[in-house]
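Remarks on the overall topology
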Amino acid sequence: QVQLVESGGGLVQPGGSLRLSCAAAGSIANIYDMSWYRQSPGKEREWVASVSTSGTSFYTDSVQGRFTISRDNARDTVYLQMDSLQPEDTAVYYCKIYGRDSYSRKTQYYWGQGTQVTVSS
């Protein structure tokens, strides 16, 4: 069984920074694309950023230049460094990976449990 464990959320003032982490645990064998999504109250979940196995990163326009996604393949972990945070970045942030379970041998998407990020003065 594969689990994703997120950490790093919290309350920060506008202009501040936070770093989110998401570690894959359990019977994960191979991890391909890794991504972050977020969901604000009353809104649909939206894609934020992705990083490929080669390290190429992609961002939604609203976070380009402020957020940085990275991965540590040795630790099966993806990070999201968030700088210059604004109130509109307030949301629950979820990580998602595309990977293979070594036990079931299935390749599928897995979601983290979510971590709250609140940007407020």
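What comes next concerns the included structure. (Residues numbered from 1 in each chain as written. Predicted model: local features only at pLDDT ≥ 70, side-chain atom pairs only at ≥ 80, totals over all residues. Heavy atoms only, no water.)

Moving on, we come to the side chain of Thr60. Within the secondary structure, Thr60 is located in the loop between strand S6 (57-59) and strand S7 (67-72). Contacts of Thr60, omitting those with residues within four sequence positions, involve Trp47 and Val48. (Helix = DSSP H or I, 4+ residues; strand = E, 2+ residues; numbered from the N terminus. Contact = heavy atoms within 4.5 Å.)

So, on to the state of the cysteines. All told, the structure shown has one disulfide when counted by the stated rule. Two residues, Cys22 and Cys95, share a disulfide whose sulfurs are 2.0 Å apart. With the S-S bond torsion at 55°, the cross-link from Cys22 to Cys95 turns out right-handed. Placement of Cys22 in strand S3 (residues 18-26) and of Cys95 in strand S9 (residues 91-101) is noted, with a sequence separation of 73 residues between them. With relative accessibility at 0%, the residue Cys95 sits in the buried group. (Disulfide = S-S within 2.5 Å. Buried < 20%, exposed > 50% of the residue type's maximum accessible area, 1.4 Å probe, protein only.)

Let's shift gears to the environment of Thr107. Within the secondary structure layout, Thr107 lies in strand S10 (residues 107-111). According to the relative accessible area criterion, Thr107 is partly exposed, its value standing at 35%. For Thr107, the residues in contact, after removing those within four places along its chain, are Tyr32, Tyr98, Gly99 and Arg100.

Bringing the pattern of salt bridges into the picture now. Think of it this way: side chains of opposite charge can pair up when their charged atoms draw near. For the coordinates displayed, the defined rule picks out four salt bridges. As a salt-bridge pair, Glu46 and Arg38 come within 2.6 Å of each other at their nearest N and O atoms. Take Glu46: its relative accessible area is 33%, and that puts it in the partly exposed class. Accessibility expressed as a relative area gives 4% for Arg38, which makes it buried. Taking the shortest distance from any N to any O, the salt bridge between Arg75 and Asp72 comes out at 2.9 Å. For Arg75, a relative accessible area of 58% puts it in the exposed group. Beyond isolated ion pairs, a larger network of salt bridges with shared partners links Arg38, Glu46, Arg66 and Asp89. (Salt bridge = Lys/Arg side-chain N within 4 Å of Asp/Glu carboxyl O.)

Tracing the backbone through its elements, the reader meets Thr115 in strand S11 (residues 115-119). Accessibility expressed as a relative area gives 11% for Thr115, which makes it buried. A distance of 3.3 Å separates a polar atom in the side chain of Thr115 from the backbone nitrogen of Gly9. (Polar contact = N/O pair within 3.5 Å; in protein donor to acceptor, adjacent residues only side chain to side chain.)

Right, let's get into the nonpolar core. Within the largest apolar cluster, 29 residues are counted, with the highest numbers of intra-cluster contacts made by Trp36, Leu80, Met82 and Tyr93. Of all the secondary structure elements, the ones that give two or more residues to this core are strand S1 (2-7), S3, strand S4 (28-39), strand S5 (46-51), S7, strand S8 (77-82), S9 and S11. Excluding anything up to four places from it in sequence, Leu80 contacts Leu18, Arg19, Leu20, Trp36, Val48, Ala49, Phe67, Thr68, Ile69 and Tyr93. (Core = buried A, V, L, I, M, F, W, Y, C linked by side-chain atoms within 4.5 Å.)

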